[in-house]
Every structure is written in structure tokens, then in C-alpha cells.
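Each chain, letter by letter, is given below.
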Amino acid sequence: MTFFSPGDLFLILPELLVIAAACVVLILDPVMPSNLKDGLAWLSLGTLAVCMGLIASQMGYPASAFGGVVAIDAYACFWKLLLCFVAGLTVLLSYSYLKEERLYFGEYYAFVLLALCGMMVMVSATELLAIYLGTELMSLSLYVMAGLKRSEPRSLEASAKYFVLGAFSSGILLYGISLLYGATGSTRLPAIADAVAGRSLDDPLLLFATILLAVGFAFKLAVVPFHMWTPDVYQGAPTSVTAFMAVASKAASFGAFLRVFAEGLGGLKTDWSTIFLVLCVATLVLGNVVALVQTNVKRMLAYSSIAHAGYALIGVVATGRLGGSADSAHGIASVLLYLALYTFMTFGAFAIVAMLRKGSIEGEEIEDFTGLARRQPVAALLMLVFMVSLAGIPPTAGFIGKFYVFMSAVEADMTWLAVLALIFAAVSAYYYLRLVLVMYMREPDAITADSPRLVLSPTLSIVLACAIAGVVIFGIYPDPLIQLAAQATLPLK
Amino acid sequence: MTTSWPWLTVLVFLPLAGALVLYLAKETGARLITLVVTVADLLISIPLWWWFDPSSSHMQFVETAAWISSPKIQYKLGLDGISLPLILMTTALMPLCVLISWRSIETGVRNFMAMLLIMEGAMIGVFAALDFVLFYVFWEAMLIPMYLLIGMWGGPNRLYAAVKFFLYTLAGSVLLLVAILVLYFQGGHTFDIQELAQGTYSHTMQMWVFLAFFAAFAVKVPMFPFHTWLPDAHVEAPTAGSVILASVLLKMGTYGFLRFSLPMLPEASQAFTPLMVVLSIVAIVYGAYMALAQTDLKKLIAYSSVSHMGFVTLGLFMFNIQGIEGAVMQMVNHGITTGGLFLCVGVIYERTHSRQIADNVGLTKPMPRFATCLVIFALSSLGLPGTNSFVGEFMVLAGTFLMNKPAAALASLGIILAAAYMLWMVQRVAFGVPSQALLPKLQDLTPREMAILAPLVVLVFLIGLFPNPLLTRMHASVGKVIARTAPPAPAPATATQQPEPLIQPVEREASALVIMPHPEKREPSSFTGVTLDTAEVRAP
């Protein structure tokens, strides 16, 4: 088995391009005259567009590189497309956001690209250490990005907290990897799959390895009870970074997590599904209930993103319960679909929060949305649609996502889980709708210079247009995305 | 009858397209555009009445298109004798809702009208959907516009009412989604409503699914004890919102029972009949009793709705032709009568800005035309023979009498109490001495308001005197439901005999006026006691 051939470099061209662009941004930033620095954002965007084209062209041609360490299959391509898309939106949003916050660092775009590269490695690697490396590259970039608002203690606190807990969880993940290596003699997922076939979690080594891996990923996915860092980090970080974390980092973690558990530990499906069932129920209950009492929009959305990880986990649990049957792919497909749809609505909501200004500072309290419908009807309508979609009410993307995860739960004979999740979906409607209530049904006080308003800019408009198009189009006609998600799950067996 | 033109799609999407047009046009034209769109929708729906083939129990005007490939979810619309009258009622009421809001809505006219149009599209969609997922999408899509209608243009306590309405109905309908999914996996992997209605399901599963359906539909109806959102929502909603709520939204609950619970879950429906009967009777009596105590006109009508909808659920769970046809009749009639009453309250409110009975006394002198309409609707609401509600309530009671005499006796109490609260309300509002301070405000109906109330007054008498065209269109479809629900043998056979002489006088007049496209096809089916003699009356 050869570990390297020049052709492999061609296969990972998207990753290489992203890294190259990150380096170029880092190098050019100090030497460029400041009036040209906008060009760095456009450079990043251009790279992402090229990458998406390349990835789309790889879609139909599965390959593996570096002796099977990296897989270029439909599954990886699905996530990579999604991640590049989110990174593109992040660059666009940040372009307006950083200007508004007077927060300019050339490294910012470089960190977005580096984090993206880490995520792309995570979802395409079929070897545990490569996945770990990807995770670290992503996390390290995000730690820095979370603390970019250097003048604000909250941002620094977020960064420090994220770093400590992130490092801790990485340690646990690594420990799990090493135990799994001990139990199976390999760090490659196919080899692990062969080794665990026919075994169960009665084997203590395998049990501990699985639990540690589960906990490590649970930290990254922000699943209860490993979610403690999320609200503080999401609230403290610059909002454009929060959006990136809430969407891209979650998607990438799910991508790696599903590959490890469905492909590598697929033989233990029924065993590990119990672990995730507990996490799933705890996440649904706690995420939704705690979100009820938040007064800060960013915090509310943080808890909402925790809750949404819970909904996605339903698909994971269902996959486990369906075991080796041909239908078990439905569970994974529903997770992929859920996260893809979640991307549009969550990013859209964060984009609006990011650009809502109260005087010169960010308006991030729920009260700050008071009367937005009267002053800026279009912005309020967009936020309304995002909230309705997050609550899972048709005909929006959120409903389609929920429909499919619940369907996989019922298919796996876990109707009670679907009932429980739906009841908490109804609970969630309360806090999403509260924002609608504030926007539409409360009269604004006298309009002054300090009244909150949405700062519109061309790049923000593009972000919002993409998000709303996704929410509405996939809410009404989701078929293409459903097919894509079904196709993407095929390589996982 | 099939037509090549997709009429139902047009009916559903014309209002939605109209809502888009509103935002392209000037705000000042919003009222007119909406009126034109709703009238156009009405005009499109009217021919369906004649094109509909009453002899067939099949879905008609069926349209099918692929929507989602895996699992197979179709865009499928169609009509039968149960949904046809409800759709016509919806399209008929919407222009009136636009007209009543013409002056009373001053802020955000464009948004308001857009909400009305979205509601219209979704409501027609609910009644026409033949795919369960499609049904659910329309069913839920209605929540947000209604929430905004109440919350943005409602009364002083509108926020509370809007949130309560939203959470109640959402909490009820989430279980519906699970039930739909369970049916999918048990019923041969299909979401097609007609296919699901032919499946056989295990007893245990039927019981659970019935409960889930019940949660969704009983909240919507609303059945006792899930009715508490209704008075709040009705009172706080703007007039058009109250009309839509009372006339159409409540019917979606009973429509759900009739379309899904009965044919899909016949065993469970039978098993839960005692519960449904008890809850219906409690609703009838309790609603009426509460209505007696109200001092707010809208609240009085809201509680009377609880009572009247109790008749509908009672009729549905009698599983005989009188009960179910009476229930469908009552659904349409309640839509017309209660819609009319809410419109009347809207008219007064525009003048006196109060809905309290005490603030609106003695309106006959200053507003004779208005008082006439109010009295007509009130008499219709209490079921005076000759008005529409009499037919429905009478048939429900006749059907109940055949199955369960004590229940019929108790339900009759509702009619007596209805007479009490309605007449008492009329006595105070129409007769009495108006306060001098109010007199200058009390102008009689304007031509616009006449145009709103007159069509409903006509319908009250038209259906009251000539119910047969409506009943004929239901027979086949209701027969199909009954064949599915009830054991074939004795119940329908005895049913044919009894009510015949009682309804006959109405029949004779009916046959003279009715336009029937296929008189030769209208064979009286075995349990159509109500129409037996029409043919011979026509003959001479």
C-alpha cells in the first residue's frame, strides 16, 4: 500500500486551495495598503467559489487518497459543499460586520479559511488521527476568532472558556482514539469496522473507547450535558463568528461523528444508540426549556442550536436502532438533511442579529427587536420566517428537516421519542414566537438615534437572500436536497 | 366529473398569488385588490357546485403531481360531497371578511389583507388536500397568519390571546404529525388519504392514533375541555379574524374527525364513542350555559359556538346518515350564522366601540335594517324552523335519537338554552331604550354593510327552506364513510324510516328550485331517508 502518490494532491485540491488562500491572506495583510484590504475578503470568496465548483465536480467520482486516509466520496462532498457555502456566507457577513464593529484584522479571513480546511479534513478523513488533526485545526482557529473583540472582556472570556473546554474535550477524544486503537489495533475506520464486527460493548476496553469518543464528540456538538460552554461562547464571540460556529463547526462535527460511529463502529450500532438516546433526550429537554427564559437573543439562539443538535441526534439514534437493516441509512440521511436545512435558518437568524444596531453597539437583547416590523418590515419579515422555520412550522425548511428525523424515529419503532421531541418543538415555538411578538405586536418607543435598526449592506443582503431562499425553496420543494442527502449516505454502508 | 383545468389548484393559489401582488402594488390599492381576488376565487368555486357529480362517492376534480420522491408524498387535491360545501362556504365568506375590514382596519392594511389571503389559500388547501402531509402543511401554515391577525390587529388583550391560540393549536397538532407517520408505516407506506382510509389497522394502534387525532382536532373544534382558547381568541381578534376563526377554522377540527378519524380508525371511533358523546353533550350544555352569563357580545357568540360545535361532534359519532349529514349541515350553517353574528358585532363595534351588551341597547329604532339582520341571525342560531340551523340541528338530534335517546334528550337542552341566551341578547340589544349619548353614532347600515350581511341572510333562508341540494351532494360521500365505520347491518336500515315525514315539507319546495345537472343519476341510496320522495315530487 502506497501512502502517497502525486495524484492524491489533485484529489485534495479544494483543501490545498483553501490553505493556499489562507496563507496568501496572512502574507498580504501586513503589506497591503489599507484601502485595498477589502480585496482579501474577495480573494477568500473567490477561492471558496472555485472550491465549491471542484467539489461538485468530484461528487460523482468516489476516490480515496493517501492510502485510504482520506475519502473523496459523496458523503465527504456533501459536507464540504455545505461547509464551503457556510464559510462563504461567513465571509460576506463578516465583511459588513467587521466594518460596523470597527474590528479589522486581516487574519480574520485567514482563520475562517483555516478553520474551514480543518472541517473539510474532518468530514473526509477515514482515519481517526486525521480526523483529530482536522478537529484541532478547526478548534484552534475558532478559539482565536472567538476572542477577536479584544477590547471586550466578554469576548476574551468566551475565547478562554472555549479554549479550556475545547482542549479538555480534545484530550478526551484523543484518549478515546488511543483506547480504540488498543482494542482494535488500527486507527483506520474500515479496519476498525472489521475488528469490531461481531463484538459488543461487553468488552470493557471497547466500552470505554466508545464512551470517550462519544463524550469527545458530544463536546464538539454541544450536546447536553457537555454544552456548558456554548451559551457563554456564543454570546461573547463576535456575532459573525458565532454564526460560523453554530452552523459550520456543528455540521463538521456531525460529519466526522457520523462517519466514525456509523462506519467505524457500525457493528456496535445497537449498543451505542442507547448512549445517544440519553444524550438526545437530555438535549431536547434542557435546550428547549432553558431557551424559554433567555432575554438575550444570542443566548437564546445558542440554546436553540443546542436543541437542534438534539433533533439531529434523533436521526442518529434511529440509525442505531434500525441496526443492519437497509432502512438504517434513512436515519443518517435525515441527519444530513436536517443540518443542511438548519444551516439556512440559523445563519439567517444570526446574520440579522449581527447587523442589528442600537446606537453604535450591537442590539442583542430580545427587547431590542421591539417594533422592528414597523421600521424595517422586510428585515422583520425575514426574521419571522427564520423563527417560524426554526420552530419547524410548514411550509418552511425547518418543517422538512423535522419531518424526516421524526419519520426515522417512527420507522425505528421509537414513536415515543418522536412524540417527546414534537412536544418540545411546540415548547420551542414559544420562545421563537416571542421574538415575532416583540417585532410585530409591540409598539416601538419614540424613534431616536439610539433606536435599534438593521444596518443593511450589499453583502448582508446577499447573505440574507441566500438564507431566505434556502428556507423557502427547500421548505416548498425539498426533493433535490433529499435526494442529495440520500445519495451522500450511500458510502457509509 | 373531471376537468382538464386544475380548478382546485387555482382556488388554493390564486389568493396566495394575490398576497404577493399586494406587495407589488400601492398600499392604497390593497383593499380593492384583495376584494377582487377573493371575489374571483368565489366565482371560480361556484361552478364546482354544478360540475360536481352528486351520484359519485369518489373524489372529484382530482389533481395529482409528484412532490417529494422518497418517501412518496404527492401534491394531490380533490373534492367530495363533504369538502365541497365547506370550500364554497370559505370562498363565500372571504369577500365579506374583506368588506367588513374596509374601514375598521386602518394600520398595516397591506399586511392585514395579505394575511387574509394566505389564510384563504391555506383553508381551501386543508379541505381539498388528499395527501396527509400536504394536509398537514396547509393545516399548520394557517397558524402564523392567524397568530399575526390576532396579535397585530386585535383588541387590548391581544398578545395573550394570540399566544394562547398559537400554543394551544400547535400543541394539539404536533401529535397529529406523529399519528400521520405511524399511519404511514402501518398503512402500506403511503400518505394518500384515500388509500389510508381503506387500510386495516390493529386495534391498539387505532386507539393511539385516535387519541393523537383527537388532540389535534378536539383543540380546533374546540371540544370541552380544550375550548378555553376560543373565547379569548374570538374576543380579541379583529372582526374578520373572528369570522374566519368561527366559520372556517373550527370546521377544520370536525372535518378532520370526519375525513380521518372515522374512516381510518373505525374500531377506535366506535370504542371512543361514549367519550365523544359525553364531551359533546357537556360542550352543548356548558357552552350554552356560559353563553347565558356573558355580557360581551363576542364572548357570548364564542360560547354559543362551543355549544353548536358540540352538535357537530355529537352527530359525527352517531354513525348514521342523519347524524353525519346533519353534522356537515351544521358545520356549514354554523359558518353562515355565526359568521353573520360576528359581522353584526363588527358593525356595532365600528359605531360604538364597545362590544358590551349594556353599551349597545335599543338598536331597532336608530338602526332598523341592522336590527333585522341581527334578529334573523339570532333566530337562525337558536334553530328556528325555516332557518338553516334548524335543518342541521334537527338532523343531528334525529340521528342521535335513533342511537342514544338519553343523549338526544340532553342535547335538546342546548337548543332550549340557545333560545334563552339568544333571545335575551336580542331583547337587550335590539329592543330597549338607547342612551341619548350614543344616538348620533347609531347610523343604520351603509350600502357596504348591507352588501356584507344580505348574502348571509339569503343563505340562512335558502338553506333553511331548501336544504336538499346540499344534502344530495353529501349522500354518496357520507354513505361511504358510514359503510366504512358502521357494521353494515341494522342501524342504517332502521334509520331510513323515521325522519322521512318530518323533513318532507321542506323537500317539496326544494325540488322546484334546485338545478340538478344529473337528475337521472340521483338514485336514492339505501340509507338516504331524507331524499326519498324528491323524484316523485318532480314527476308530476
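Notes on the structure in this doc start here.

The rules behind the values
- Residues numbered from 1 in each chain as written.
- Chains lettered and ligands numbered in written order.
- Predicted model: local features only at pLDDT ≥ 70, side-chain atom pairs only at ≥ 80, totals over all residues.
- Heavy atoms only, no water.
- Helix = DSSP H or I, 4+ residues; strand = E, 2+ residues; numbered from the N terminus.
- Buried < 20%, exposed > 50% of the residue type's maximum accessible area, 1.4 Å probe, protein only.
- Contact = heavy atoms within 4.5 Å.
- Areas by Shrake-Rupley, 256 points an atom, 1.4 Å probe, with all protein chains shown as cover.
- Rg over C-alpha atoms; globule rule 2.2 N^0.38 Å.
- Lys, Arg positive; Asp, Glu negative; His and termini not counted.
- Charge placed at Lys NZ, Arg CZ, Asp CG, Glu CD.
- Pairing = 2+ DSSP bridges.
- Axes fitted to C-alpha atoms, helices over the stretch in contact; angles between N-to-C directions.
- Parallel < 35°, antiparallel > 145°, perpendicular 65-115°, else oblique.
- Left-handed = near helix turned anticlockwise from the far one by under 90°.
- Nonpolar A, V, L, I, M, F, W, Y, C, P; charged D, E, K, R; others polar.
- Salt bridge = Lys/Arg side-chain N within 4 Å of Asp/Glu carboxyl O.
- Polar contact = N/O pair within 3.5 Å; in protein donor to acceptor, adjacent residues only side chain to side chain.
- Patch = residues over 30% accessible without salt bridge, like charges linked within 9 Å, V, L, I, M, F, W, Y side chains within 5 Å.
- Phe/Tyr/Trp six-rings, centres within 6.5 Å; stacked < 30°, edge-to-face > 60°.
- Lys NZ or Arg CZ within 6 Å of the ring centre and 35° of its normal.
- Expected span 1.5 Å × (residues − 1).
- 1 Å grid on protein atoms, 1.4 Å probe; cavity = no way out; pocket = protein on both sides within 12 Å on 5 of 7 lines; lining within 4 Å.
- Points joined across faces, edges and corners; volume = space filled by probe spheres on them.

1. Details of the overall build of chain B
Summing up its helical and strand segments, chain B has 22 helices and two strands in all. In chain B, buried positions account for 66% of the 540 residues. Pairs at least 24 residues apart make up 82% of the contacts formed inside chain B by residues separated by at least 6 positions. Roughly 17,800 Å² of accessible area belongs to chain B as shown, and the carbon and sulfur atoms make up 69% of that amount.

2. Overview of the overall build of chain A
For chain A, the count of helices and strands is 20 helices and five strands. At 22 Å, chain A has a C-alpha radius of gyration in line with the 23 Å of a compact globule built from 493 residues. Across its three principal directions, the C-alpha atoms of chain A cover 70 × 55 × 40 Å. Considering chain A as a whole, with its 493 residues, one finds that 66% of them fall into the buried category. Here the analysis covers contacts within chain A between residues at least 6 apart in sequence; of these, 81% occur between residues at least 24 apart. For chain A, the accessible area works out to roughly 15,900 Å², and carbon and sulfur atoms hold 70% of it. Between the centroid of the 26 positive side chains of chain A and the centroid of its 30 negative side chains there is a distance of 5 Å.

3. A few points about the sheet that holds strand β5 (residues 452-454) of chain A
Residue and element names in this part refer to chain A. Strand order in the open sheet made by the three strands is β4-β3-β5, with antiparallel pairing throughout. Across the chains shown, the open sheet's two edge strands, defined by having one partner strand only, are β4 (361-362) and β5. Relative to β4, strand β3 (residues 356-358) runs antiparallel, the two being bridged by two bridges. Across the sheet, the residue bridging to R357 is E362, located in β4. Contacts from helix α14 (residues 328-355) reach β3, β4 and β5, with the element oriented near 25° to β3.

4. Concerning the packing of α14(A) against helix α20 (residues 479-489) of chain A
Residues and elements named next belong to chain A. The geometry of α14 relative to α20 is characterised by a closest axis approach of 8 Å and an angle of 130° between their N-to-C directions. The angle between α14 and α20 places the two elements in the oblique class. Regarding α14 and α20, the two cross each other, and that crossing is right-handed. Between α14, through A329, I332, A333, L336, L337, A340 and L341, and α20, the contact on the second element is made entirely by L481, I482, A485, A486, A488 and T489. Tallied by class, residues from the contact of α14 with α20 come to 12 nonpolar, one polar and no charged.

5. As for the interface of chain A and chain B
At the junction of the two partners, chain A supplies 31 residues and chain B supplies 32 residues. Joining chain A to chain B, the criterion identifies zero salt bridges. The interface formed by chain A and chain B holds six residue pairs in polar contact (both at pLDDT 80 or more) in total. Counting only elements with at least two residues in the side of chain A that touches chain B, the list comes to α16 (377-391), α17 (397-411), α18 (415-441) and α20 of chain A. Here the side of chain A that touches chain B gets 12 residues from one element, more than from any other, and that element is α18(A). Along the lines of polarity and charge, the residues of the side of chain A that touches chain B split into 26 nonpolar, two polar and three charged.

6. Remarks on a nonpolar patch on the surface
Together, B:V39, B:L43, B:I46, B:W50 and B:W51 make up a nonpolar patch on the protein surface, roughly 410 Å² of accessible area in all. Looking at the secondary structure, you find B:V39 in helix α2 (residues 30-51).

7. Section: the packing of aromatic side chains
Per the stated rule, a full pass over the model turns up 54 aromatic pairs over all chains. The interplanar angle of 80° and the centroid separation of 6.2 Å between the aromatic rings of A:W229 and A:Y234 together place this pair among those described as edge-to-face. Judged by its relative accessible area of 5%, A:W229 is buried. Owing to a relative accessible area of 2%, A:Y234 belongs among the buried residues under this scheme. Positioned above the aromatic ring of B:F401 is the side chain of B:K405, whose terminal nitrogen or guanidinium carbon lies 5.1 Å from the ring centre. The ring of B:W49 has B:R473 sitting right over it, with the charged end atom 4.0 Å from the ring centre.

8. Structural notes on the pattern of salt bridges
A pair can form between side chains of opposite charge whenever their charged atoms are brought close. Residues and elements named next belong to chain A. Counting across every chain of the model gives 23 salt bridges over all chains. In this structure, R259 engages E263 in a salt bridge whose closest nitrogen and oxygen atoms are separated by 3.5 Å. Taken together, the positions of R259 and E263, both in helix α11 (residues 239-264) and four residues apart, correspond to about one turn of that helix. R259 sits in the buried class, given a relative accessible area of 1%. Among the residues examined, E263 registers a relative accessible area of 12% and is labelled buried. Between E367 and R442 there is a salt bridge whose closest N-O contact spans 3.5 Å. Of the two residues, E367 is situated in the loop between β4 and α15 (372-375) and R442 in the loop between α18 and β5; the sequence distance between them amounts to 75 residues. Taking relative accessible area as the criterion, E367 reaches 49% and is therefore assigned partly exposed.

9. Topic: the side chain of A:S170
All names here are of chain A. Note on placement: S170 falls in helix α7 (residues 153-184). For S170, a relative accessible area of 1% gives the class buried. Apart from residues lying up to four places away in sequence, S170 is in contact with Y132, E136 and K220.

10. Describing helix α12 (residues 269-292) of chain A
Residue and element names in this part refer to chain A. End to end, α12 covers 34 Å across 24 residues, agreeing with the expected 34 Å (1.5 Å per residue, within 8%). Three or more residues of α12 are buried, namely K269, W272, S273, F276, L277, L279, C280, T283, L284, G287, N288 and A291. Considering only its buried residues, α12 is in contact with α9 (204-221), α11, α13 (297-322), α14 and α18.

11. Brief notes about the layout of surface pockets
Of the pockets and cavities examined, the largest pocket occupies roughly 1,500 Å³. Every residue lining the largest pocket is counted, 41 residues in all, and those nearest its centre are A:P395, A:V472, A:I476, B:L16 and B:I118. If you list the elements that add at least two residues to the lining of the largest pocket, you get α16, α17 and α19 (458-476) of chain A together with α1 (7-24), β1 (60-68), α4 (109-128), α5 (132-141) and α6 (143-153) of chain B. Classifying every residue of the lining of the largest pocket by side-chain character gives 37 nonpolar, three polar and one charged.

Nothing here speaks to function; it is geometry throughout.
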